[in-house]
Amino acid sequence: MTNTPLSAPPAAPGHTAAGGNPVKRFLSATEIDTRLLGMLAALLLIWGGFHLYGAIVNGNGAFLTPRNLWNLSVQTSSIGIMATGMVLVIITRNIDLSVGSLIGVTGMTMGILQVDILPPILGLGHWSIWIITCVVGISLGALIGAFHGWLIAYRGIPSFIVTLGGLMVWRGMAFIANGGKTISPVDSTFALLGGGPGGNVGATGSWIVGLLACAGVIWLLVNGRRQRIKHEFPLRPMWAEATLGAIGCGAILGAVVLMNAYPLPRGILRQMNLPDDAFVSHGFAIPVLIMIAVGIGMTILMTRTRFGRYVFAIGGNPEAAALAGINTRWMTLKIFALMGALSGLAAIIASARLNSATNALGTLDELYVIAAAVIGGTSLAGGVGTIYGAILGALVMQSLQSGMVLIGFDAAIQRIVVGVVLVLAVYLDNLYRARTK
Amino acid sequence: MTTNKGTPLVEMRDISISFGGIKAVDHVSIDLHPGEVVGLLGHNGAGKSTLIKCLSGAYQKDSGEIYVNGQRAEINNPRDARDYNIETIYQTLALADNLDAASNLFLGRELVTAAGFVDDAQMEAETRKIMARLNPNFRKFNVPVSALSGGQRQSVAIARAVYFNAKILIMDEPTAALGPQETQMVAELIQELKRQGLGIFLIEHDIHAVMDLCDRAVVMKNGQRVGTVNVNEVTDDDILGMIIMGKKPAKAY
């Protein structure tokens, strides 16, 4: 502390009573991010739209069914995981165009490792194969990302160019690695990570996950309130805290019910020696749980650690960050390494889900990942972005994609719609920011 | 009033730095004593800011030596400078616009909890405490500093220097972006800090501010030191003559 006797007592922080209509008062009291609400509304609009279109035009509303939503959650995982890393890259005013090719090269490497290299050494189906494979895949991704980061930070090559080069180089490497041949099937334990048959935690497991998550939500609210009391900051009204808790827990338990409402198909039941009419829930798929864990981990990283603070500072004012003693180059290298590691993780999920490794794995993913981050509110001007936004953005992108497949739009139309939505989303975001400024 | 006795707080000896063949600072020596305000004057491009950035760690000098409290100091980056209790308030304010006041105040020196996580609540509380003294009207604790006025931003920058117990304060045109009232606030703060025994380097264009606030003035021109004067022994015309024509009055050294 300082010893500057500059008069004037500390002003008591007065709670400014928000006037206006009940909606405004509610939002102000609960401190809910209105942008988040907007995204959720857009998501519900997309979901409802596809469902109604299917119901009216095709006579079969297939979107809002447990089965489709379960699939949607699995399909979102790999893009969602990478989007959390892309947020950091874009916040610091960089871009990473190479993530799709990184998926290709790490996926291919893991395929060769677990099918051609490890089984002869350890024996086919050895328990450690999937662990070694995952560690190698994530490490390789991190290493390549770190190399990109080094070129950008220490050699002064713009990230656009470095990763554009990476996009081509690593895709080429993925082809060369196995002469363009697809590797299949992968290790059986590894395959579970993709959410295929058996790659889910079932009804009981889902309830345990859901209840733990609810406990987490309540702990966050209680702890937050305790912190505010300790420092005499304005408190949220008790009803607002209760509402937040109810909404949070309600959403979590709703998701559990939804995931549990999708039963295993007959073929799997027969493999498990169960009668055809047995109802066994899928529950959360493993890749979805991985994505949630990554989302929580990355959120903690961005909001609760010095690393995250420095990421935002570099994005807001790189010069100020450097003058504050932050090693901005080293930070850039670490951010790209993290992006690479997350690409490796996404490659695990993508190849496990296909039960094979192909050199085309992850093609065009970089664009979906960037689009997800940007739709999720990450500003290309730097300094602004959230992890939950990016995951929601990935969900929006994937909803559009799979929704159009479901109602029978062909690939050309799909691209047009996704492209238009991306531009529109960023435009709406600009309008929103201009209004709330 | 001259306080040129005892060991100087800072002594920069024979500092040179050049950029692409141009000598931005050419063998300049200056010193600063506790409780003293030394003004640095000169045209744009005279080398004032460059010289002072060697002290704050933003630039690395090509040659010369820096002594802090008589001890040889190695300053290679802003972190080193902070370790010597040298704090800088930059002309550009050096704030991250997207972060709030507390995050800016503690940038690079965040308070952390026992678990190693940043302690935002504690930092905000500390920020509220110091702002209550520096700028009691300051209320915008939970918005990015981009939403603050020039004066409010300046008080965040000053709070950063004051909070961390600066011994040596560098102010690069601290009032350039401020209105009259806010300028007055900064002037009072400088007097207050001076009374507490800080040494302050003040880079300033406004000759009247220099006459009011500084004990000594160092004038630079084309990267070289024209001379140093005790402000109470000269007139503002003498100083202007030094700045414009490089003319050294008899009292200068």
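Residues numbered from 1 in each chain as written. Chains lettered and ligands numbered in written order. Predicted model: local features only at pLDDT ≥ 70, side-chain atom pairs only at ≥ 80, totals over all residues.

**Quick look at the domain arrangement of chain A**
By domain assignment, chain A separates into domain 1 (77-198 + 285-392) and domain 2 (201-281). Computed over C-alpha atoms, the centres of domain 1 of chain A and domain 2 of chain A are 28 Å apart. (Domains from an automatic or database assignment.)

**A short note on the pairing of strand 4 (residues 63-68) of chain B**
Residue and element names in this part refer to chain B. Judged from the five bridges that link them, strand 1 (residues 10-19) and strand 4 form a sheet pairing that is antiparallel. Counted as the bridge partner of S16 is S63 from strand 4. For strand 4 and strand 5 (residues 71-73), the ladder comprises three bridges, and the chain directions are antiparallel. Pairing of V68 across the sheet is with Q71, part of strand 5. Counted between consecutive antiparallel strands, the loop separating strand 4 from strand 5 contains two residues, among which N69 sits at a positive phi close to 55°. (Pairing = 2+ DSSP bridges. Helix = DSSP H or I, 4+ residues; strand = E, 2+ residues; numbered from the N terminus.)

**Concerning the sheet that holds strand 1 of chain B**
Residues and elements named next belong to chain B. With antiparallel pairing, the four strands of this open sheet are ordered in space as 2-1-4-5. Edge positions in the sheet fall to strand 2 (22-32) and strand 5, since each has one partner strand and no second. Adjacent strand axes in the sheet meet at a mean angle of 30° when their direction is disregarded. Sitting on the sheet, helix 1 (residues 48-56) touches strand 1, strand 2 and strand 4, and the angle it makes with strand 1 is about 115°. (Axes fitted to C-alpha atoms, helices over the stretch in contact; angles between N-to-C directions. Contact = placed C-beta atoms within 7 Å.)

**A word on the sheet that holds strand 6 (residues 86-89) of chain B**
Residue and element names in this part refer to chain B. Strands sit in the order 6-7-8-3-9-10 across an open sheet of six strands; the sheet is mixed. Every other strand in the sheet has two partners, leaving strand 6 and strand 10 (224-230) as the edge strands with one partner each. The average undirected angle you get between the axes of adjacent strands in this sheet is 15°. Relative to strand 7 (residues 168-172), strand 6 runs parallel, the two sharing four bridges. Its bridge partner being in strand 7, I89 is matched across the sheet by M171.

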